[in-house]
Amino acid sequence: MNEEQLHRIERLPKVELHLHHEGAAPPAFIRALAQKKSIGLDGVFAPDGSYAFRDFVHFLSVYEAATQVLRTPEDYARLTTALLEECAANDVIYVESFISPEFCGGGDLAAWREYLHAIQDAADAAERDMGIILRGIVTCIRHFGPERAKATARCAAETAGDWITGFGMGGDENMGQQKDFAYSFDMAREAGLQLTTHAGEWGGAQSVRDAVQDLGVERIGHGVQAASDPALLDLLIEKGVTLEVCPGSNVALGVYPDLASHPIDMMRKRGVKVTVSTDDPPFFHTTMRTEYRNLAQTFGWDAEVFADINRTAVAAAFCDEQTRARVLEKLEHA
Ligand code: ADE
Ligand code: ZN
């Protein structure tokens, strides 16, 4: 593919389903807040100013350290504006972010509604100014354990509606089992929320099967380890589960040595519903434009493939039908 074609692909309109709110914070944003509030952030940054981490577990601890500076609803409002500006600059027209009440103001769940209002106000302003649409997925943290997840699910259930539309789980997949969190996912489902969980990023294919069978999720964060299990791929196809694949994140964290070794192209060709997202873009030195460029270069994906991927993402979006129709219309007419 020549440079002009890649340039055109990079600039296609995009739908992003898997973006961590705090993980989208540019390092300069976190550093400035730390300085303003005189909060020490030893070990969070490399000498060149980027985030510094050795491996996945270290990444999670650096990530959590960085969130310590996000102490007021205003901080979350400014973060929301910053991340939506970055999404819009990457031609993203609709995005869902994972928001963890556990990281809002040091985990004071009583303040959740104030944080949510601040985030939503900033999102409304961004939609007015830039046309970009954001919806929120309340997210529990797996390594904080099932009891804290229940409290987070209660936050989600109490604020479920047109804007908080989903419930999910991130964190260290090596801790516990998906079924340990079934109570929380059931509570969220009963509140009308749609469900996703991180699975098959680090856990094997069985963790993806567990997510579908024990939690009844309709989407899976990553899910790439399912690639080794043909019967599981058939199950994902049969159940219509959509994978929120984050290729750049997987390569940056060492799940795969390079993009050419990544199974996204194989799974797509086999008929699995795959979508493309960035996960925590500044941590992984990626953007949506970079993801599209690299996928086009590595797998020869053309504009028609990306259009198909975006239609899959719109169909799997956790939003009301009016919003879905609006996003689809924007995609088709871009
Ligand atoms: N939280 C932020 N990024 C994550 C990832 N890639 N996996 C699990 N939890 C996360
Ligand atoms: Zn993630």
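Calculation criteria
- Residues numbered from 1 in each chain as written.
- Chains lettered and ligands numbered in written order.
- Predicted model: local features only at pLDDT ≥ 70, side-chain atom pairs only at ≥ 80, totals over all residues.
- Heavy atoms only, no water.
- Domains from an automatic or database assignment.
- Contact = heavy atoms within 4.5 Å.
- Buried area = accessible area lost by both parts, 1.4 Å probe.
- Nonpolar A, V, L, I, M, F, W, Y, C, P; charged D, E, K, R; others polar.
- Donors = N, O, S within 2.8 Å, 3.2 Å for Na, K, Ca; no water.
- Tetrahedral: all angles 85-135°; square planar, octahedral: opposite > 155°, others 65-115°.
- Helix = DSSP H or I, 4+ residues; strand = E, 2+ residues; numbered from the N terminus.
- Buried < 20%, exposed > 50% of the residue type's maximum accessible area, 1.4 Å probe, protein only.

## Some remarks on the domain arrangement of the chain
Link 1 in the chain: Assigned domains of the chain: these are domain 1 (3-25 + 73-333) and domain 2 (26-69).
Link 2 in the chain: Each of domain 1 and domain 2 has a C-alpha centre, and these two points are 22 Å apart.
Link 3 in the chain: Listed as interface residues are 23 residues of domain 1 and, on the opposing side, 20 residues of domain 2.
Link 4 in the chain: Summed over both sides, the interface between domain 1 and domain 2 buries roughly 1,800 Å², with carbon and sulfur atoms accounting for 71% of that surface.
Link 5 in the chain: Taken as a group, Ala25, Phe103 and Phe283 account for 33% of the area that domain 1 buries against domain 2, more than any other trio of residues on that side.
Link 6 in the chain: When its residues are assigned to classes, the side of domain 1 that touches domain 2 shows eleven nonpolar, five polar and seven charged.

## Brief notes about the coordination of the zinc ion (ligand 2)
Link 1 in the chain: The coordination sphere of the zinc ion (ligand 2) contains the protein donors His18 (NE2), His20 (NE2), His198 (NE2) and Asp279 (OD), at a distance range of 2.1 to 2.2 Å.
Link 2 in the chain: Every donor counted, the four donor atoms about the zinc ion (ligand 2) form angles of 86 to 168 degrees at the centre, which fits irregular coordination.
Link 3 in the chain: One chain supplies every donor to the zinc ion (ligand 2), and in sequence these donors are spaced H-x1-H-x177-H-x80-D. With histidine 20 in strand β1 (residues 14-20) and histidine 198 in strand β5 (residues 194-199), this residue pair connects regions lying 178 residues apart in the sequence. Of the two residues, histidine 20 and histidine 198, both sit in the buried class.

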